Amino acid sequence: MFSRILKSKLTALTAAIVSSISMVPDGLASVVSELEMQRINYEKAQDILDKKDLKAYQAIRPSITAYPLTPYVDYRAFLVGLDKKSPDEVRAFIAENKAFPFSNRISAPYLSALSKNKDWEGVLEYQIQEPVGEKYQCIYYRAHYEREQHEIAFNGAKQLWLSGNGVDDQCDPLFNYWDKAGLRTDELILERMLLAFENRNGKLMSYLTKQLDSEESIAQAKAMKAIYRKPEGVLTFAKKYPANDFYRSQTEFAFEKLARKSSKEAQSVFNDVMKAQKFPEKKQQELADYVSFRLINTDSDALAVWRDDVISTTSRQTLLERRARLAIQHADWSGLVKWVSKLDESHQASLRWQYWLGRAEVETGKVTQGKQRLMAITGQRNFYSVAAAKEIKQSINYSTSTLKLEREKVAPYKETLVRISELIDVDKIAAAKSEWRWLLSNVTKEEKAMLAAYAAQKGWNHLSVTASISAKIWDNITLRFPVAHKWWFNFYAEKNDLDPITLMSLARQESALDADANSPVGARGIMQIMPATAKYTAKKYKLAYQGRDELYEVGKNIEIGSHYLDGLLNQYDNNRIFALAAYNAGPNRVKLWRKRTDGKLDAYAFIEAIPFKETRGYVQNILMFETYYRDILGVDGAFLNEHEVHHNY
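Residues numbered from 1 in each chain as written. Predicted model: local features only at pLDDT ≥ 70, side-chain atom pairs only at ≥ 80, totals over all residues. Heavy atoms only, no water.

Short version of the rule: UniProt positions are given in the numbering used here, feature names are shortened, and annotations may be inferred rather than shown by experiment.
Per an unreviewed UniProt entry, the chain goes by the name Transglycosylase SLT domain-containing protein and belongs to Vibrio gallaecicus. Its UniProt record, at the heading Sequence similarities (unreviewed entry), says of the chain: "Belongs to the transglycosylase Slt family."

Here it is as structure tokens:
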């Protein structure tokens, strides 16, 4: 059913059309009026299908035959009475509608409907191989059981049951059959307890303990639960029990849990634990790496020596990079060279580490060699290339490409593009994005690039960005960075004395300019604002704010986001590096990071020393995005401002 907002839009649009119909040629007025009537009838069809009234739907269907979105209500109509459809009918419908994303969603409700009707023969006729998704796998293997194919069913049951987390309730009947067949043994229960231990699922471990029968297994489970609750006893546990796979796994998981609680304590028992359970060298290195990562910022000289000895022998590139960043954090240029030299060839050759090797060489007296290394990485579309250019006082250069729209290359997708256009016009943005993703997943790389150009021409900013990323046309700056909602950015930038390019770049990083974006943690809108942050900001700056749904309105979202960013910039003396890092990770983390670096670093070293990969990339991206937008808009500006360059970080 259309939303009340959309209904009001339609009503207003109808009134506007009626009032202006005498002002346009008869043919055009007829076309506009016909489209509006189709939209209204489409809305009626949606309401009818809410009541599952197929007879009424068939009566109204001829009035929307030519309407681009009619396949969506046909899909809804097909779902009515889905359980009565034969497998062949469902397959035929999917084949006929393969151009639509909903064709990929029919199997799930169909399997659920067949299961509800206990049509197990229908399940196996339709689903000839294991489906995707735990719930549907449960249906599939139960169908095998009900059709007397017990071996397949029980193998599937075991596979599904051995999980470190809870399993979908749809599996309960299958598990009951499997259990009654005597196949759920104490040995398997203990194996699943290990999986739950690894997944930190104490509740499941407690549940499984109650399913055991033998006294020996119960005793083993209680010991496992005890070490799970108190990992501080890992050394005693490791010495008490035999050195075999079962107890070695428990020791491993308990040791990791202890390392998360106290890396210092874990390190103190490391050697004895490894010896007691006879861990192989490879696993010892993995567990030592696990502790070392948590000792990166230790204040203990002895622990730092142990940590560095471990990292010296690791093959884990992320840990070596983290140690190299610690050297940057301490302005330890010789140490930086040492740790970068331990990276594999591909990591050493990256622009990131070539830049830092060049910096280290300059700082340790190898000035000519260092500047040559920095010169070699300039001229590329990359943060480190720009940083290198700044270091040797070169201008910023990077390659760009352009793309001319060739309409004949998108012509095969005309119907889909018309549908997407109509979905956008009637404010069905989620469906439009779904259609767009489905289209991109079914075309060539060259066609993706053309679709990006088509979206740009239509003003579909977010869709242009997603298509350009999918096509990997990294050098096409104009397609990757649309100039969107410029009026709003300029308005609130002027109001808060901000750079509108900073606001636009931040929005491009946060949401790819998607006004309807919604993150897994609840951030909303074009600048990805959390409802709690919006409420706080609105109260602090006395802004009109009616609640979280307003965050999907571009103007309101930019208003709140610009005030919040302005507050951060004021807090950090207009330093974008600190403000952007705080926008992403929060002011408390920025405070901790500044304490660690203690004013010893320059801007580039501080950014590199940020321990969170997401935040580090976030700051680097926005600084680069500002560079691109300044070039696109023909606006002068520095990569870093003078006060940012000369600040001690």
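**As for the overall build of the chain**
The condition is simple: In this description a helix means any DSSP run of H or I spanning at least four residues, a strand means any run of E spanning at least two, and both kinds are numbered starting from the N terminus. Only protein chains enter the accessibility calculation, which uses a 1.4 Å probe. A residue is then buried if its area is under 20% of the maximum for its type, exposed if over 50%, and partly exposed in between. A contact between two residues is defined here by any heavy atoms of the two lying within 4.5 Å. Methods summary: accessible areas were calculated by the Shrake-Rupley approach with a probe of 1.4 Å, and residue burial reflects only the protein chains presented. In summary, the charge assignment counts Lys and Arg as positive and Asp and Glu as negative, without counting His or the chain termini. One atom stands in for each charge, and that atom is NZ of Lys, CZ of Arg, CG of Asp or CD of Glu.
Of the regular secondary structure elements, the chain holds 39 helices and 0 strands. By principal-axis analysis of the C-alpha atoms, the chain measures approximately 85 × 75 × 50 Å. Evaluated residue by residue, the chain yields a buried proportion of 50% over its 649 residues. Sequence separation of at least 24 residues holds for 57% of the intrachain contacts in the chain that already meet a minimum separation of 6. Surface accessibility of the chain: about 32200 Å² in total, with carbon and sulfur atoms responsible for 50%. Here the chain contributes 91 positively and 82 negatively charged side chains, and the mean placements of these two sets differ by 4 Å.

**Structural notes on the UniProt feature "domain: Transglycosylase SLT" (unreviewed entry) in the chain**
UniProt records the feature "domain: Transglycosylase SLT" (unreviewed entry) at residues 489–602, using the numbering of this structure. The span residues 489–602 carries 61% helix and 0% strand; its end-to-end C-alpha distance comes to 30 Å.

**Regarding helix α11 (residues 186–198)**
The following threshold applies: Here a helix's expected span is defined as the number of its residues, less one, multiplied by 1.5 Å.
With 13 residues, α11 extends 19 Å between its outermost C-alpha atoms, agreeing within 8% with the 18 Å of an ideal straight helix rising 1.5 Å per residue. Within α11, burial applies to Asp186, Leu188, Ile189, Leu190, Arg192, Met193, Leu194, Ala196 and Phe197. Positive backbone phi, approximately 60 degrees, marks Arg200, located one or two places after α11.

**Overview of the layout of surface pockets**
Note the cut-off: Site definitions follow a grid-based scheme: protein atoms alone, a 1 Å grid, a 1.4 Å probe that fits but cannot get out for cavities, and for pockets an open set with protein on both sides within 12 Å along at least five of seven lines, plus lining residues having an atom within 4 Å of a point. Grid points are joined across faces, edges and corners, and a volume is the space filled by probe spheres set on the points. Three classes are used: nonpolar for Ala, Val, Leu, Ile, Met, Phe, Trp, Tyr, Cys and Pro, charged for Asp, Glu, Lys and Arg, and polar for all others, with Gly counted as polar.
In this structure, the second largest pocket encloses a volume near 520 Å³. Together, 21 residues line the second largest pocket, and Arg352, Lys613, Arg616, Gly617 and Gln620 are the ones closest to its centre. Where the lining of the second largest pocket is concerned, the elements lending two or more residues are α19 (317–329), α24 (383–391) and α38 (613–633). Per-element tally for the lining of the second largest pocket: the top contributor is α38, with 8 residues. Looking at side-chain class alone, the lining of the second largest pocket contains 7 nonpolar, 5 polar and 9 charged residues.

**Remarks on the packing of aromatic side chains**
The following threshold applies: Think of it this way: a Phe, Tyr or Trp ring, Trp meaning its six-membered ring, pairs with another when their centres are within 6.5 Å, and the plane angle makes it stacked under 30 degrees, edge-to-face over 60, tilted otherwise.
Evaluated as defined, the whole model comprises 45 aromatic pairs. Here the aromatic rings of Tyr398 and Tyr628 are separated by 5.3 Å at their centres, their planes lie at 75 degrees, and the arrangement is edge-to-face. Of the two residues, Tyr398 sits in the loop between α24 and α25 (407–410) while Tyr628 sits in helix α38, which places them 230 residues apart along the sequence. We note that Tyr398, like Tyr628, is buried.

**Observations regarding the UniProt feature "domain: Lytic transglycosylase superhelical linker" (unreviewed entry) in the chain**
Cross-referencing UniProt, the feature "domain: Lytic transglycosylase superhelical linker" (unreviewed entry) maps to residues 414–477 in the present numbering. Counted over residues 414–477, helix gives 78% and strand 0%. Its end C-alpha atoms are 26 Å apart.

**Let's talk about unusual backbone geometry**
Phi is positive for Lys118, which is not a glycine, with a value near 55 degrees. By the secondary structure assignment, Lys118 is in the loop between α6 (107–116) and α7 (120–126). Of the residues examined, Lys118 reaches a relative accessible area of 53% and is grouped as exposed.

**Observations concerning the state of the cysteines**
Worth spelling out the cut-off: Note on terminology: pairs of cysteine sulfur atoms within 2.5 Å are recorded as disulfides.
This model, assessed by the stated rule, comprises 1 disulfide. Between the sulfur of Cys138 and that of Cys171 lies a disulfide, 1.6 Å long from S to S. Residues Cys138 and Cys171 are joined through a disulfide that is left-handed, its torsion about the S-S bond being -80 degrees. Of this pair, Cys138 sits in helix α8 (residues 134–146) while Cys171 sits in the loop between α9 (150–161) and α10 (172–180), and the two are 33 residues apart along the sequence. Residue Cys138 is classed as buried on the basis of its relative accessible area, which comes to 0%. A relative accessible area of 0% means that Cys171 is categorised as buried.

**A look at helix α18 (residues 301–312)**
In this model, α18 (12 residues) spans 16 Å end to end at C-alpha, consistent with the 16 Å of a helix rising 1.5 Å per residue. What α18 keeps buried is the set Leu303, Ala304, Trp306, Arg307, Asp308, Val310 and Ile311. Where α18 is buried, its residues meet α16 (263–276), α17 (281–294), α19 and α20 (333–341).

**Notes on the confidence of the model for the chain**
Short version of the rule: Each residue carries a pLDDT score, the predictor's confidence in it, ranging from 0 to 100.
Predicted confidence across the chain gives a mean pLDDT of 94, with 95% of residues reaching 70 or more. Note on residues 1–29: pLDDT under 50 across the span, and 30 contacts to partners over four residues away in sequence or across chains.

**Digging into the packing of helix α4 (residues 70–79) against helix α5 (residues 87–96)**
Worth spelling out the cut-off: Axis lines are fitted to C-alpha atoms, over the contacting stretch for helices. Their N-to-C directions set the angle, which ranges from 0 to 180 degrees. Throughout, the term roughly parallel applies to angles under 35 degrees, roughly antiparallel to angles over 145, roughly perpendicular to angles from 65 to 115, and oblique to all others.
Interaxial distance between α4 and α5 falls to 12 Å at its minimum, and their mutual angle equals 170 degrees. In terms of their interaxial angle, α4 and α5 are classed as roughly antiparallel. On α5, the residues touching Asp74, Tyr75 and Phe78 of α4 are Glu89, Val90 and Phe93. Looking at the contact of α4 with α5, its residues break down into 4 nonpolar, no polar and 2 charged.

**Focus on the pattern of salt bridges**
What counts here: Salt bridge, as used here, is a side-chain nitrogen of Lys or Arg placed within 4 Å of a carboxyl oxygen of Asp or Glu.
By the definition in use, this model includes 30 salt bridges. Here Asp245 and Arg248 are joined by a salt bridge, their closest N and O atoms 3.0 Å apart. With Asp245 and Arg248 both in helix α15 (residues 245–261), this residue pair falls 3 residues apart, about one helical turn. Since its relative accessible area comes to 59%, Asp245 is described here as exposed. For Arg248, a relative accessible area of 16% translates into the label buried. We note a salt bridge from Arg381 to Asp475, for which the minimum N-O separation is 3.0 Å. Taken as a pair, Arg381 in the loop between α23 (367–376) and α24 and Asp475 in the loop between α29 (461–471) and α30 (477–480) lie far apart in primary sequence, 94 residues in all. Residues joined in a network through salt bridges with shared partners are Arg325, Arg352, Glu608 and Arg616.

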